[in-house]
Amino acid sequence: MPRHPDRQLERMSQPVAARLLSASRTAVLVAGSVEQHGGHLPLGTDAFAAMSIAERVAERLDTAAVSLGPVGVAHYHLGWAGTLSLRPDTMRAVLVDVAESLTRAGVERVIVVNWHEGNSSTLRGAADEAQRRFGLRIVVAETHVITHGKHPEEMEFTHAGSMETAAVLAYEPGLVHLEHATEASDRAAGEVAHGLYRRPDVYPVMADFHVVAPTGWYGRPELADAGRAEQIAEEVADYVVARATEIFAALEASGHGPTVPMNGGEPVGHGARAQ
Ligand SMILES: [Zn+2]
């Protein structure tokens, strides 16, 4: 099985990255997490899952995938040693600073590829600040939500179950070790408890993941298959590109596109507001 495309900005030379960013005027930001996923998946599961999709998206748009770093906002997993977490303000500052750097390379449109629920509110706030300060247009793709939504039975929205195992298989199969799985928590109870935090109307805020899974994880990692994982990652990347392209086009057609000034000069956006 081929590894996903090699599109990480820091693996490129400067001239190559500069050319891709200025020609596409688009960058793909990558947001993950480093947190416990039982004994069978690596701590960086969410970081690898996000990078796997982001590089596929970047390949389709002929640009670079720009990591915000592997660590996300995951304080509610800190009860398991080895988990790392950023304060939301730290992650927000990183995104805003990276976005500013990208505008210097001619980037006007940013797609944030996220694979971690704990990052979502921070990413939204950071994107809002970057848009207001630099004139970029940013869309956020919640790729774990997309993956589950496309295949709800097969890609279970648990923690360290079939969906996340598949995501690691699509990144680097050698990182999955089902033979080292620690004890799973009860799946039905985990789904009910986790579901409360995912309600769109009235919901609690996660303080400690033990409330969902006392052993740290639940789900059925054994259902994941490397071949299917690859297909689904490709399908999710296609979806992100299609939706983001549609959204950017609609914003620009209605005069609400980017207004990034180049080198402090005149704005070079495509919308009516840039005229
Ligand atoms: Zn995860």
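Residues numbered from 1 in each chain as written. Predicted model: local features only at pLDDT ≥ 70, side-chain atom pairs only at ≥ 80, totals over all residues.

J.: An account of the overall build of the protein chain is needed here, citing residue identities and associated values.
T.: Counting its regular elements, the protein chain contains 8 helices and 4 strands. For 275 residues, the compact-globule formula gives about 19 Å, and the C-alpha radius of gyration of the protein chain, at 19 Å, lands near that figure. C-alpha extents for the protein chain along the principal axes are approximately 60 × 40 × 30 Å. Counting all 275 residues of the protein chain, 46% fall into the buried class. Across the protein chain, contacts joining residues at least 24 apart in sequence account for 75% of those joining residues at least 6 apart. (Helix = DSSP H or I, 4+ residues; strand = E, 2+ residues; numbered from the N terminus. Rg over C-alpha atoms; globule rule 2.2 N^0.38 Å. Buried ≥ 20, exposed ≤ 12 C-beta atoms within 10 Å, placed from the backbone. Contact = placed C-beta atoms within 7 Å.)

J.: Got a sec to walk through the sheet that holds strand 1 (residues 26-31)? Specific residues and values, please.
T.: Ordered in space as 2-1-3-4, the 4 strands form an open sheet in which the pairing is parallel. In this open sheet, the two strands that pair with only one neighbour each are strand 2 (65-67) and strand 4 (137-142). Averaged over neighbouring strand pairs, the angle between their axes works out to 25° when direction is ignored. As judged from the 3 bridges shared by strand 1 and strand 2, these two strands associate in the parallel manner. In the sheet register, Leu29 faces strand 2, and the bridge partner there is Val66. Where helix 3 (residues 88-104) meets the sheet, its contacts fall on strand 1, strand 2 and strand 3 (109-114), and the angle it forms with strand 1 comes to roughly 160°. On the sheet, helix 5 (residues 143-150) packs against strand 3 and strand 4 and is oriented at approximately 50° with respect to strand 4. (Pairing = 2+ DSSP bridges. Axes fitted to C-alpha atoms, helices over the stretch in contact; angles between N-to-C directions.)

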